[in-house]
Amino acid sequence: MSEQKKSIKNAVGQESTRSPNIKAASETKDVATNHRSATDVEGSKVESNKKNTPKGKNSRKKEKMKNMHLEMPSTTGTQPQGQAIPGVSTAPQYHAFSTLFRQDVILNPGSPLNANNSKYLENLAHLQLYQHSMQNNCVNLLRMNSQIGSLPNSPLTHPSSTSHAWSNPGTPLGNDQISPRFLQNVMQHPLLNQTYGRQGNLQFRQVVSGKNGFIKESPTKNKNGKKKDQEDKSFEPYLSAEEVDAGLKENSLVEGVLRINPKQFQHAYVSSSDRSLQDILIDGVKNRNRSLEGDVVIVQIINQADDSNDESKQKKGKVVYIKEKLHTRTCIGHLKLMPDKNRQKALFVPRDHRVPRLNIPFTCWPDNFYAEAKSYENTLFLAKIENWFDTRFALGKIICNIGQSGDMLSEAKAILAQTDLDVTPFGPEVRDLYPRLDYVIPVEEIEIREDCRKLCIFSIDPANCRDIDDAMSCRKLENGNYEIGVHISDVSHFLTENTILDEKVADKATTIYLVEKAYHMLPDDLCMLCSLFPGVDKLAFSVFWEITDNAEVLNHRFSKTIIHSCCQLSYEHAQAVLDSKEDAEMSFPEFYNGFNYKDVHDTIKTLGKISSLFRKSRFDNGALRIDQPKVSFHLNPSTGLPDSLWVYENKQSHQLIEEFMLLANMTVAKRIYDDYPSLAFLRCHPPPSGYMLQQLAKSLKPMGIDLDVTSAGSLHKSLLQYVDPSVADRGKAMVLNMLCAKPMTRAKYFCAGGCTSDDDFQHYALNVPLYTHFTSPIRRYADIMVHRLLSASLNYRETPKWEIDKVKTVAAQCNKQKYNAKRASELSTELYTLKYIEMNSPYVTDAVVVDVREKYIDVIIVAMGLNRRIFFNNDFPGEHKCIKNDAGIKLSKMELLWKATDTLPDIKQVIEVFSIVEVELNRDEDMVKVDTKLVRPV
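The shown structure was predicted, so the numbers you read here are calculated from the model rather than taken from an experiment.

Undergrad: In this structure, what is going on with the overall build of the protein? I would like to understand it.
TA: The helix and strand inventory of the protein stands at 22 helices and 34 strands. Across the 938 residues in the protein, those meeting the buried criterion constitute 51%. The long-range share in the protein, meaning contacts at least 24 apart out of those at least 6 apart in sequence, stands at 68%. Summed over its atoms, the accessible surface of the protein is roughly 45,300 Å², and 49% of this surface lies on carbon and sulfur atoms.

As structure tokens, then:
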């Protein structure tokens, strides 16, 4: 090895060993911000010829960089070995050289000396001490006449007008000159740089000579003359756990769940501890401080003092601590080359704009990605955030290749991956932990249960349902009252606690329903064994009530039972009976156990009458229901693609089942809380944002819509007159329901022993003090927890030896999985909706206007319940003007003037909230987007 190579190797080695923990990685100037649009990134060009580059907003800065000089003596050529550089002695240079190391470490502890400090490399090339180590070679004394990127275009090449030895294989390195850019390339190489892949930022700083030969730096300044350093792009450190605890006790900090606006990622929100106040605004990625959607964060108010006299002004805050990282830090997106064709890192663009863009090191790239980047443009990847130190971007890695965008199977995999749902089938290790499908109920089990096989019991579920949790019965008593029973599958009898299977089921926590498939919480065989299919003896957990003809509940009891369902009905079957259709019997399925159509018909009629009285009483007593549109599909059996879609309608047959399931859940909740006040597994619904509800009522009042938001019941009663199908059109009802749903919070599971106030138990929408989930143990683990408590309460088993913390942990997992599964279901519905639009493009349909803003309107596609935003930009064939109304934001109007065409004259259109407009839908190139355009009125 030549002396020159040894010198380079030693220099690199010393740098790496002197600061092994200093983070090193940075962003090119081309990616100025983390969340620039894909179009911006792709449209950026790196010009090799500076003269041809048009001057833009950064031209002055570039000119300044070009004229920057190091105030150290230099030459325009090379110096023979051993000859001193005029005007500079060896000793001061050595002093400056060693000082440079110490100074950079002190001034910039977060920036590396080797890989990203162009000033250091520039000065290194000027030092006579370094030149002497090169023996028979000389060092180019180059000026920085152009901006150096944070990473080389190639590990072995760099821009230059001359041919270099390192670009020609077989040429000795010692035969060529060494430039600062080359040193930077060498020190960036992942095999030489120990800190490669960690965070750092390239800062260009002018270097001037100081007293006694010391080198000092002059930080660049922004337009206001203020110092501009890495702090502008780096995050603040978090507070310590002790500081957070003290701040929460002193009420100087606020704890809450972070919500990020999906349409404007710069804006995030955390609910105030006082729900009557407006949510705290977290403005900007820097103030969000590395937290993501769903994280439990600690927020410090940053504008409270300034606005103490203006209570109406929204508080602003910043995240100072992340208490729970509930977001997985993974995302689905596309991998692209950097605009400068960087060989060291690529750009990952997430589909979810709330997640930062990622720099992906070449070690994580797929095969031949650099050479064949075009072939990966349509490929979906799952990526994970590894580190995040810069507001513009994070550092990540590729976890796996999901598949091609637009392919339905790949898109379904992407949905499951981005919602962090594990659908791995159960392995053979759990197969012996539950009975086979040919299981026969033992005689001793029958003897300890109540035998209900002589009752007329049947189930009512969706037509394609395969996991039948519940069935119902009703018989008339001698005193004229009815004994109504809800029979729930006894899953806890088969799922033994504290086994491997129980742990896996608890981890899954819920069944996942996508449009094309259901991923069961339980093993498929166990689902079949537990489902209450007709014609087979089944084990159940039952609740019975004695109820009068006018729906008064006199008493109740619980029992473990054995049942034999006589019929499996769909909601359509039950609805035909409730509607008294003459041909209802023609479509009915087979009957078992000696019962016939008349038995089932009479039972449905009785249950329908009593459930209607229950429902009326429930809403009269202060309950609230806000219907959200739900889309259903008919899939082609051969292709699996949607042939048709429709918005789900909540009919009386659905309400029949709903009312008795609610009654069962409330009845069980009271029992388990009375018997186990510290272990009870319950479900609550916290009150909505009072501020948002009040603002909504205020904005709707000038439109003649008077909402009373003082309670759940008053909101329901005042809303009903505007959304009831008999008095309101479907589009207007959709808009009002959506607006009223926005301030609502999520319901959640909790352990009774972890609550300190009775208010924590309240269910806002149902307006009941206690509630739980008991009726769906095949698809929800929360219900299995409740079954175990109820079994112990009835002496079917010993009292669970649970710690409160364990119950709280299970509740947290159930909450997380339930939300993720719900989100996956929504994404799946949207995916198939978009596919239907693609297959029928251009799809023209009606939409109702939700909001009118300066440059866009928000609409709901009535036929699909799909929310879309329509922008008015240069593509609009006419003029547009937003007319604001001081009386209320909802009174704003959009005036459109459509220009004349060859066949049509000018036409004026006025759009306001609740207006019905015609829109044209086309699928965008990316499967997650729909191009929505307003159709010209006739």
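Undergrad: For this particular structure, what's the right way to read the packing of aromatic side chains?
TA: Each aromatic ring pair is summarised here by two numbers: the centre-to-centre distance and the angle between the ring planes. With the rule as written, the count across this model stands at 20 aromatic pairs. Seen from their ring centres, Trp 365 and Tyr 370 are 6.3 Å apart, and the 10° between their planes marks the pair as stacked. Take Tyr 370: its relative accessible area is 25%, and that puts it in the partly exposed class. Between Phe 876 and Trp 898 the ring centres are 4.8 Å apart and the planes differ by 65°, which places this aromatic pair in the edge-to-face class. In this pair, Phe 876 is assigned in the loop between strand S29 (866-871) and strand S30 (878-883) and Trp 898 in strand S31 (residues 893-898), connecting sequence segments 22 residues apart. Across the pair, exposure class does not vary: Phe 876 and Trp 898 are buried alike. Grouping aromatic residues by their ring pairs yields a cluster made of Phe 362, Trp 365, Phe 369, Tyr 370, Tyr 376 and Phe 381. Across from the ring centre of Phe 541, 5.1 Å away, lies the NZ or CZ of Lys 560, which sits over that ring.

Undergrad: So what exactly am I meant to see when it comes to the side chain of Glu 411 here?
TA: Among the structural elements, Glu 411 can be located in helix H10 (residues 408-418). A polar atom in the side chain of Glu 411 sits 2.8 Å from the backbone nitrogen of Gly 406.

Undergrad: Help me out: how do you make sense of the sheet that holds S31 in this one?
TA: Strands pair in a sheet through their backbones, by hydrogen bonds, and they do so in one of two ways: parallel or antiparallel. A sheet is described by the order of its strands in space; here three strands give the open sequence S30-S31-S32, paired in antiparallel fashion. On the outer flanks of this sheet lie S30 and strand S32 (907-912), each paired with one strand and no other. Here the strands of the sheet are splayed against their neighbours by 15° on average, with no regard to which way each runs. As paired strands, S30 and S31 are joined by six bridges and run antiparallel to one another. Residue pairing in the sheet places Gly 878 in a bridge with Trp 898 of S31.

Undergrad: Whenever I open this one, the environment of Ala 417 confuses me. Can you help?
TA: Its location among the elements puts Ala 417 in helix H10. As for Ala 417 and Phe 381, which are separated by 36 residues in sequence, their C-alpha atoms are 9.9 Å apart. Setting aside residues up to four positions removed in sequence, Ala 417 forms contacts with Thr 330, Ile 332, Leu 382 and Ile 402.

Undergrad: What's the story with the pattern of salt bridges in this structure? I'm lost.
TA: Opposite charge on two side chains makes pairing possible when the charged atoms of those side chains draw close. In the structure shown here, the tally under the stated rule is 44 salt bridges. Where Glu 293 meets Arg 354, a salt bridge forms, and the shortest distance between an N and an O atom there is 3.5 Å. A residue pair is termed long-range when its members are at least 10 positions apart, and Glu 293 in the loop between helix H9 (285-288) and strand S7 (296-301) and Arg 354 in the loop between strand S10 (345-350) and strand S11 (358-361) qualify at 61 residues. The class of Arg 354 is buried, set by a relative accessible area of 15%. For Arg 453, the salt bridge goes to Asp 451, with nearest N and O atoms at 2.8 Å. For Arg 453, a relative accessible area of 22% translates into the label partly exposed. Here the residues in one salt-bridge network are Arg 615, Arg 618, Arg 625, Asp 627, Glu 658 and Glu 659, joined through shared partners.

Undergrad: Could you clarify how one ought to interpret helix H19 (residues 712-723) in this entry?
TA: Given 3.6 residues to a turn, an α-helix orients residues that are three or four positions apart in the same direction. The end-to-end C-alpha distance of H19, which contains 12 residues, comes to 16 Å, matching closely the 16 Å that a straight helix rising 1.5 Å per residue would cover. Among the 12 residues that make up H19, nine are buried, leaving the element largely enclosed by the rest of the structure. Every buried residue of H19 is accounted for by Ala 712, Gly 713, Ser 714, Leu 715, His 716, Ser 718, Leu 719, Tyr 722 and Val 723. On its buried face, H19 is in contact with helix H16 (597-620), helix H18 (690-700) and helix H20 (730-741).

Undergrad: Teacher, can you tell me more about the nonpolar core here?
TA: Membership of the largest hydrophobic core comes to 87 residues, with the highest contact counts inside it found for Phe 458, Phe 660, Phe 681 and Tyr 781. Looking at this core, the element that brings in the most residues is helix H17 (residues 652-675), giving nine residues. Those residues in contact with Tyr 781 that lie beyond four places of it in its chain are Leu 495, Asp 502, Val 505, Ala 506, Ala 509, Met 521, Arg 788, Val 810 and Cys 814. In terms of nonpolar packing, the next biggest core, distinct from the first, is built from 40 residues, Leu 645, Leu 834, Tyr 843 and Leu 934 among them.

Undergrad: Sorry, what's going on with the pairing of strand S24 (residues 642-647) here?
TA: In the case of a regular strand, side chains alternate between the two sheet surfaces. Sheet analysis places strand S23 (residues 631-635) next to S24, joined by five bridges and oriented antiparallel. Pairing of Val 631 across the sheet is with Val 647, part of S24. The antiparallel hairpin formed by S23 and S24 contains six residues in its connecting segment, where Gly 640 sits at a positive phi of about 80°.

Undergrad: Looking at this model, I keep getting lost on the sheet that holds strand S9 (residues 330-337). Mind explaining?
TA: Spatially, S9-S10-S11-S13-S12 is the arrangement adopted by the five strands of the closed barrel, whose pairing is mixed. Between one strand and the next, the sheet's axes are offset by a mean angle of 50°, whatever the strand orientation. Judged from the two bridges that link them, S11 and strand S13 (residues 393-404) form a sheet pairing that is parallel. Within the sheet, the bridge partner assigned to Leu 358 lies in S13 and is Ala 394.

Undergrad: So what exactly am I meant to see when it comes to helix H13 (residues 500-508) here?
TA: Listed in full, the buried residues belonging to H13 are Leu 501, Asp 502, Val 505, Ala 506 and Lys 508. For H13, the buried positions fall inside an angular range of 160° around the axis, keeping them on one side. Among the structural elements, helix H14 (524-530), helix H21 (781-793) and helix H22 (804-839) are those in contact with the buried residues of H13. Looking one or two residues past H13, Ala 509 carries a phi angle of roughly 70°, positive in sign.

Definitions and cut-offs
- Residues numbered from 1 in each chain as written.
- Predicted model: local features only at pLDDT ≥ 70, side-chain atom pairs only at ≥ 80, totals over all residues.
- Heavy atoms only, no water.
- Helix = DSSP H or I, 4+ residues; strand = E, 2+ residues; numbered from the N terminus.
- Buried < 20%, exposed > 50% of the residue type's maximum accessible area, 1.4 Å probe, protein only.
- Contact = heavy atoms within 4.5 Å.
- Areas by Shrake-Rupley, 256 points an atom, 1.4 Å probe, with all protein chains shown as cover.
- Phe/Tyr/Trp six-rings, centres within 6.5 Å; stacked < 30°, edge-to-face > 60°.
- Lys NZ or Arg CZ within 6 Å of the ring centre and 35° of its normal.
- Polar contact = N/O pair within 3.5 Å; in protein donor to acceptor, adjacent residues only side chain to side chain.
- Pairing = 2+ DSSP bridges.
- Axes fitted to C-alpha atoms, helices over the stretch in contact; angles between N-to-C directions.
- Salt bridge = Lys/Arg side-chain N within 4 Å of Asp/Glu carboxyl O.
- Expected span 1.5 Å × (residues − 1).
- Core = buried A, V, L, I, M, F, W, Y, C linked by side-chain atoms within 4.5 Å.
- Arc of directions from axis to C-beta.

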